Amino acid sequence: MTTKPAIRLRDYIRTIPDFPKAGINFKDISPLLANGEAFSECTSELAVHMPEHIDAIVGIESRGFLFGAALAQLTSVGFVPIRKPGKLPAATHAIAYELEYGTDILEIHRDALNHGHSVVIVDDLLATGGTAAATIKLVEQLGAKVAACLFVIELDFLHGRSKLGNTPTFSLLHYND
Ligand code: AMP
């Protein structure tokens, strides 16, 4: 009897040097998304880190939608999108956060979460941690609490998790370049 070789998620991430600008090693998840077994394995591995009694999975635009929605489906938990400004149609709550140059804004629907809700934040990649830290604040401003942050990839050398305080944080793959 032959057993299928285990899927190594790392084999489905490709690094594109100098994208979108010189000096950035862009981690491209397209090969992972394109392979049904790898995408499914990735979602299952994220699910291992889901705490119990979660009311919502909060996904960050845009690649956080892909993994967040897949995880929400697998675990039968609802999905809440965090979007760039001007995209959400109903009343929103916004947060501005610092980028390397300038600031950016993220928004959530005000009625997306209730006081006391326990949520999991999902994104494809943790770099400096600015995006995830802003998302934690946004969720907390609605009275909900973040039980965990889940990422497919973490760039360890940028120490992004240090911006996430005591929030339990799990990443499936770690890179140092
Ligand atoms: P940060 O706020 O610095 O943690 O950046 C995280 C966000 O930027 C995530 O939503 C990622 O999709 C994106 N990102 C940052 N650096 C990279 C990279 N090297 N490759 C791919 N995406 C990245």
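Look up: the structure comes first, before these words.
What counts, and at which threshold
- Residues numbered from 1 in each chain as written.
- Predicted model: local features only at pLDDT ≥ 70, side-chain atom pairs only at ≥ 80, totals over all residues.
- Heavy atoms only, no water.
- Helix = DSSP H or I, 4+ residues; strand = E, 2+ residues; numbered from the N terminus.
- Buried < 20%, exposed > 50% of the residue type's maximum accessible area, 1.4 Å probe, protein only.
- Pairing = 2+ DSSP bridges.
- Axes fitted to C-alpha atoms, helices over the stretch in contact; angles between N-to-C directions.
- Parallel < 35°, antiparallel > 145°, perpendicular 65-115°, else oblique.
- Left-handed = near helix turned anticlockwise from the far one by under 90°.
- Contact = heavy atoms within 4.5 Å.
- Nonpolar A, V, L, I, M, F, W, Y, C, P; charged D, E, K, R; others polar.
- Near = heavy atom within 4 Å.
- Polar contact = N/O pair within 3.5 Å; in protein donor to acceptor, adjacent residues only side chain to side chain.
- Areas by Shrake-Rupley, 256 points an atom, 1.4 Å probe, with all protein chains shown as cover.
- Expected span 1.5 Å × (residues − 1).
- Core = buried A, V, L, I, M, F, W, Y, C linked by side-chain atoms within 4.5 Å.

Draft legend 1. The arrangement of unusual backbone geometry in detail. In this model, F19 is joined to P20 through a cis peptide bond whose omega is -5°. Mapping P20 onto the fold places it in the loop between strand 1 (14-17) and strand 2 (25-28). Of note, the bond from E61 into S62 is cis; its omega dihedral lies within 30 degrees of zero at -5°. Take S62: it is sitting in the loop between strand 3 (56-60) and helix 3 (63-75). Although it is not a glycine, H159 adopts a positive phi angle of roughly 55°. Along the polypeptide, H159 turns up in the loop between strand 8 (145-155) and strand 9 (169-175). Given the relative accessible area of 56%, H159 is considered exposed.

Draft legend 2. Just the sheet that holds strand 7 (residues 118-126), in detail. Spatial ordering of the open sheet is given by 4-3-7-8-9, a layout of five strands whose pairing is parallel. At either end of the open sheet lies a strand with only one pairing partner, and these are strand 4 (78-82) and strand 9. Going across the sheet, the axis of each strand differs from the next one's by a mean of 20°, ignoring polarity. With six bridges connecting them, strand 8 and strand 9 associate as parallel partners.

Draft legend 3. View of the packing of helix 2 (residues 36-48) against helix 3. Where helix 2 contacts helix 3, the two axes come as close as 9 Å, and the packing angle between them is 70°. By the criterion of interaxial angle, the relationship of helix 2 to helix 3 is roughly perpendicular. For the pair helix 2 and helix 3, the sense of crossing is right-handed. Contacts between helix 2 and helix 3 involve F39, C42, T43, S44, L46 and A47 on the former and, on the latter, L66, F67, A70, L71, L74 and T75. Considered class by class, the residues forming the contact of helix 2 with helix 3 number nine nonpolar, three polar and no charged.

Draft legend 4. The site of the ligand, seen in detail. The immediate surroundings of the ligand are formed by 13 residues, with R63, D123, D124, T128 and T131 found nearest. Between the ligand and D123, the relevant distance is 2.8 Å, taken from an oxygen atom to a side-chain nitrogen or oxygen of the residue. Within the contact set of the ligand, an oxygen atom lies 2.8 Å away from a side-chain nitrogen or oxygen of D124. When the ligand sits alone it has 490 Å² of accessible area, and the protein chains cover 81% of it.

Draft legend 5. Highlighting helix 3. Taking 1.5 Å as the rise per residue, helix 3 with 13 residues should run 18 Å; its terminal C-alpha atoms sit 19 Å apart, in good agreement. Those residues of helix 3 hidden inside the fold are in contact with helix 1 (30-34), helix 2, strand 3, strand 4, strand 7 and strand 8. S76 sits one or two positions beyond helix 3 and adopts a positive phi of about 55°.

Draft legend 6. Here's a closer look at the nonpolar core. Membership of the largest hydrophobic core comes to 25 residues, with the highest contact counts inside it found for V58, L113, V119, I121, V139 and L164. Elements with a minimum of two residues in this core: strand 3, strand 4, strand 5 (92-98), strand 6 (103-109), strand 7, helix 4 (130-141) and strand 8. Here this core takes six residues from helix 4, the largest share from any one element. Not counting the four nearest positions on each side in its chain, V139 is found in contact with V58, L113, V119, I121, A144, K145 and V146. In terms of nonpolar packing, the next biggest core, distinct from the first, is built from 24 residues, I13, I57, F67 and L71 among them.

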